[in-house]
Amino acid sequence: MNQSVRIETLSTIEVEACLPEPFTNWFARRGWAPRPHQLQLLGAAQAGKSALLIAPTGAGKTLAGFLPSLTDLSARARRKPGEPQRGIHTLYISPIKALAVDIERNLKTPIEEMELNVALETRTGDTPVHKRQRQKLRPPDILMTTPEQVALLIAAKDADRFFEDLKFVIFDELHSLVTSKRGHLLSLGLARLRQLAPEMQTLGLSATVAQPDELRRWLVPQNHVNADGEIGEEEPKAELVRVTGGAKPEIEILDSEEHVPWSGHMSRYAVPDILKAVKAHRTTIIFVNTRSQAELLFQEFWHHNEDNLPIALHHGSLDVGQRRKVEAAMDRNELRAVIATSTLDLGLDWGDVDLVVHMGAPKGASRLAQRIGRSNHRMDEPSEAILVPSNRFEVLECRAALEANYLGAQDTPPLRAGSLDVLAQHIMGMAVAKPFQADDLYREIISALPYADLTRATFDQAVEFVATGGYALRTYERFAKIKQTQDGSWRVTHPRFAQAYRLNVGTITAATELKIRYGKAGKGTNQRGGAILGKIEELFLETLTQGDTFLFAGKVLRFEGIRDNECIVSNAPGAEAKVPYYAGGKFPLSSFLADTVRKIISDPKRWPDLPDQVSDWLRIQKEVSIVPGPEELLVETFPKGPRHYISLYPFEGKLAHQTMGMLLTRRMERADWRPLGFVASDYALQIWGLEDYGELLSRPGALEAFFSEEMMGGDLEEWLDESFMLKRTFRYCAMISGLIEQRQIGAEKTGRQVTMSTDLIFDVLRTHEPDHLLLKATRADAASGLLDIHRLGDLLARTKGRIIHKRLDRISPLAVPIILEAGKEPVLGSAGESLLAEAVSAADVEASILQEAFGEHVP
């Protein structure tokens, strides 16, 4: 083992693992020895403890997680003929289907070589129905599954029998399971499993964790009730085994002879360079951030693939059969490269992979660590990776990510309080399993960490919601899914509701596209529709209010509103696109990387480590304008033609910047500053209009008033009330909670039907029950998801009193990337439009902008 490896254990007991002879012999035959952390995790489990293992990729986490289960099963007596079937012994839960399949394949080898009498199977959404039914009748010893299948299994009538022998629950890649609504549902499922199998132990496995204590608490029950029936004040935690050290990864930022683009998100310039790297390695995984990027770059690689190297594509929208073929080909070492999204981020062990390429900036240090760990997948050998920035700002982000990786820094998001729509779904599931007493279910639910602070009043409101739909909907029979009987228990009112629950379980809601249909200007949505222009992603439309204009298919369109499942627009000839939108990465820039980027930019001593074209760019910026400090917010104003521009450089991520742009332009409109539009990236925000913003912001007190934190109050509420964002967010909450059922027996509701139902309910609730459970859930989702309100609030607080206004007479070098984004703004919706994002800007327009910003010496 690498001598730099260190083991850290936080334990209340000293234990010594007992490794049975078949296992010691197996290790010896392979010329191995069990690693110390594997034995420590085994010892903790054998002492009856739950535990969290944090170890680098390739440290043998999976084997460590299964050793307690396999050693326990090896000592269990065989079932005699005629004895009842046993329930499952071990439940392995994975965030992705491919990982469960991969682990099953890899675990069969030691089981067969040690001749263990252990049956293991997978159960995912891809598992045939007949096999799932058979598993319930004759459970395997080890079942590998996903969070959605756990929710279905605990809601079954025979859940007691199925889980009565459960000894271990193993959570792989725990950090990626717990931070979303999917994790909230899983935490509630875990709380129920503790009731079904009180002696059950949990084992969490993770390579990237920012706050281990949160995960340690997640693994064990909270709100312990003492002998007096009172909830104790302590915060129980699982044991911790942490492995640090190991071989440091070898990461480089691509040094291409091609100029790094000023803007864009596809990294197409680098394809010939990456193909050279692919040829020099055995097998390469090329990661991208979105499915459209994967599709387009796959085509681009094949366009340049003159040697016909076997290159495949892997993402979540592909048919399961196609994904499995690619995975099997990787396992047989038949591919030289695979272009993949996050579907291959986690845990998959293909030993022949010796290079990882990340196209575009990774957006997070932990995500980068996870992805580069696919290379070599051995703790004692360095992973090899190449980062490919898509634009000049991404060079800085890649440098920040590289530094974070060498420091071992992590930026996995913190755990959020449990979502209320998920709570409602779980309550219904528990009623489907069997009638429940509210007191018992409440105590069970608050044992789950995300719901540890759930008040009894909110719990009762959730039960009432499942029972009636809430006060405003209680007269409608279709919302009355459970009822209270004479003994006080709650039970399902009709079998069809139990069927609907099973069909709609889970929290994954796909983003939908709406048709763009012509209408007449100023008529809103109460008009007959005209011709259809195409489709547009709903996430973009959620940010619009009536009268906003945007660019689509080369036309400036006026947004009239959303009717049913269509976006009604009218032509706005001669108008500016007020709210453009670009097809960037789906992942938000982490706070950690954003902070590091600000530090790199503000420190000229670090610029020589950057490519010459980037360091020269920053040097010229310092000469003609200002380079902001890490805690400062630079605001530049300058004219270009008939327009005037405000450029800001907060480096807080696109979601926070887009929300800020919406609020600032509303403030400008009230002050008659005549804004025409804005564009937001992960790094900058730019607003343009017809007034001289340099002169306006130079007036006494104007800068402070413009960036007043009051925008987080009334301005935000007013914008939310006028936008369609809350309605669309409400739709997702309504589907997750079970209020609206997308899938029904023998049919599936169309997006139009779902939208009609939820829009009507939303209007009713806002008028008659503004404190409805789902409206609370909707506002919480909007704040943390599409708006990133917390990041924006932190930005305003951090820069208060540190906002620097620089009035210029021309474009600054730092403004070049964002002003080029403003000139080439397709709307999300298809891969072809994403390609347009890099092709639409004419070369002479870019040359003109560069000439104005840099003169004759463009870096």
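Going by the structure above, here's the rest.
Just so it is clear, the structure is predicted and the values come from calculations on it, not from any experiment.

Undergrad: Whenever I open this one, the pairing of strand β25 (residues 685–689) confuses me. Can you help?
TA: The side chains of a regular strand alternate, first on one face of the sheet and then on the other. Most of β25 sits inside the fold, with five of its five residues counted as buried. Here five bridges tie strand β23 (residues 643–648) to β25, and the two strands are oriented antiparallel to one another. Across the sheet, the residue bridging to serine 647 is glutamine 686, located in β25. Pairing of strand β24 (residues 675–680) with β25 involves five bridges; the strand directions are antiparallel. Note that in β25 the partner of phenylalanine 678 across the bridge is isoleucine 687.

Undergrad: What's the story with a positive patch on the surface in this structure? I'm lost.
TA: On the surface, a cluster of positive charge is made up of Lys157, Lys483, Arg491 and Arg502. One can find arginine 491 in strand β16 (residues 490–492). You can call arginine 491 partly exposed: its relative accessible area is 33%.

Undergrad: Is there a simple way to think about the sheet that holds strand β13 (residues 353–359) in this case?
TA: Two pairing modes exist for strands in a sheet, parallel and antiparallel, and in both the strands are linked by backbone hydrogen bonds. The parallel open sheet is built from six strands, whose spatial order is β9-β14-β13-β10-β12-β11. Across the chains shown, the open sheet's two edge strands, defined by having one partner strand only, are β9 (250–253) and β11 (311–314). With direction set aside, neighbouring strand axes in the sheet form an average angle of 20°. Alignment of β13 against strand β14 (residues 384–388), held across four bridges, turns out to be parallel. Residue histidine 358 lies in a different strand from β14, and its bridge partner there is leucine 387.

Undergrad: Sorry if this is basic, but what is going on with a negative patch on the surface here?
TA: A surface patch of negative charge is lined by Glu252, Asp255, Glu257, Glu258 and Asp612. With respect to the helices and strands, glutamate 257 occurs in the loop between β9 and α11 (271–279). You can call glutamate 257 exposed: its relative accessible area is 83%.

Undergrad: Would you mind going over unusual backbone geometry with me for this structure?
TA: Phi is mostly negative for residues that are not glycine, and the peptide bonds are mostly trans. You will see that asparagine 333, though not glycine, has its phi angle at about 60°, which is positive. Summarising the element assignment, asparagine 333 is placed in the loop between α13 (320–331) and β12 (337–340). Accessibility expressed as a relative area gives 41% for asparagine 333, which makes it partly exposed. In the Ramachandran plot, aspartate 672 falls in the positive-phi region, its phi being about 60° despite a non-glycine side chain. Considering the arrangement of structural elements, one finds aspartate 672 in the loop between α23 (654–670) and β24. With a relative accessible area of 55%, aspartate 672 lands in the exposed category.

Undergrad: Is there a simple way to think about the side chain of glutamine 38 in this case?
TA: Looking at where glutamine 38 falls in the secondary structure, it is placed in helix α2 (residues 36–46). Only 2.9 Å separates the side chain of glutamine 38 from the backbone nitrogen of arginine 35, close enough to count as a polar contact. Leaving out residues up to four positions away in the same chain, glutamine 38 has contacts with Phe27, Ala59, Gly60, Leu63, Ala64 and Leu67.

Undergrad: Would you take a moment to explain the pattern of salt bridges for this structure?
TA: Side-chain pairs of opposite charge can arise whenever the charged atoms involved come near each other. Across all of its chains, the model carries 35 salt bridges by this definition. Between arginine 474 and glutamate 464 there is a salt bridge, with the nearest N and O atoms lying 2.9 Å from each other. Of this pair, arginine 474 sits in the loop between α18 (456–468) and β15 (482–484) while glutamate 464 sits in helix α18, and the two are 10 residues apart along the sequence. Glutamate 464 gets classed as partly exposed once you look at its relative accessible area, which sits at 27%. The salt bridge partner of glutamate 560 is arginine 558, with a shortest N-O separation of 2.7 Å.

Undergrad: Would you mind showing me how to read the environment of histidine 805 here?
TA: In this fold, histidine 805 is placed in strand β28 (residues 803–807). Sequence spacing of histidine 805 and leucine 703 is 102 residues, and the spatial spacing of their C-alpha atoms is 7.8 Å. Beyond its immediate sequence surroundings of up to four residues, histidine 805 is in contact with Val635, Thr637, Gly694, Leu697, Ser698 and Leu703. Among the polar contacts listed, one links the side chain of histidine 805 to the side chain of threonine 637, at a separation of 2.8 Å.

Undergrad: Explanation requested: the sheet that holds β23 in the structure shown.
TA: If you trace the five strands from one edge of the open sheet to the other, you get β24-β25-β23-β22-β28, paired in mixed fashion. Two strands lie at the open edges of the sheet, namely β24 and β28, each paired on one side alone. Going from strand to strand, the sheet's axes swing by 15° on average, the running direction of each strand aside. As paired strands, strand β22 (residues 633–640) and β23 are joined by six bridges and run antiparallel to one another. If you follow proline 639 over to β23, its bridge partner there is histidine 644.

Rules behind the numbers
Residues numbered from 1 in each chain as written. Predicted model: local features only at pLDDT ≥ 70, side-chain atom pairs only at ≥ 80, totals over all residues. Heavy atoms only, no water. Buried < 20%, exposed > 50% of the residue type's maximum accessible area, 1.4 Å probe, protein only. Helix = DSSP H or I, 4+ residues; strand = E, 2+ residues; numbered from the N terminus. Pairing = 2+ DSSP bridges. Patch = residues over 30% accessible without salt bridge, like charges linked within 9 Å, V, L, I, M, F, W, Y side chains within 5 Å. Areas by Shrake-Rupley, 256 points an atom, 1.4 Å probe, with all protein chains shown as cover. Salt bridge = Lys/Arg side-chain N within 4 Å of Asp/Glu carboxyl O. Lys, Arg positive; Asp, Glu negative; His and termini not counted. Charge placed at Lys NZ, Arg CZ, Asp CG, Glu CD. Axes fitted to C-alpha atoms, helices over the stretch in contact; angles between N-to-C directions. Polar contact = N/O pair within 3.5 Å; in protein donor to acceptor, adjacent residues only side chain to side chain. Contact = heavy atoms within 4.5 Å.

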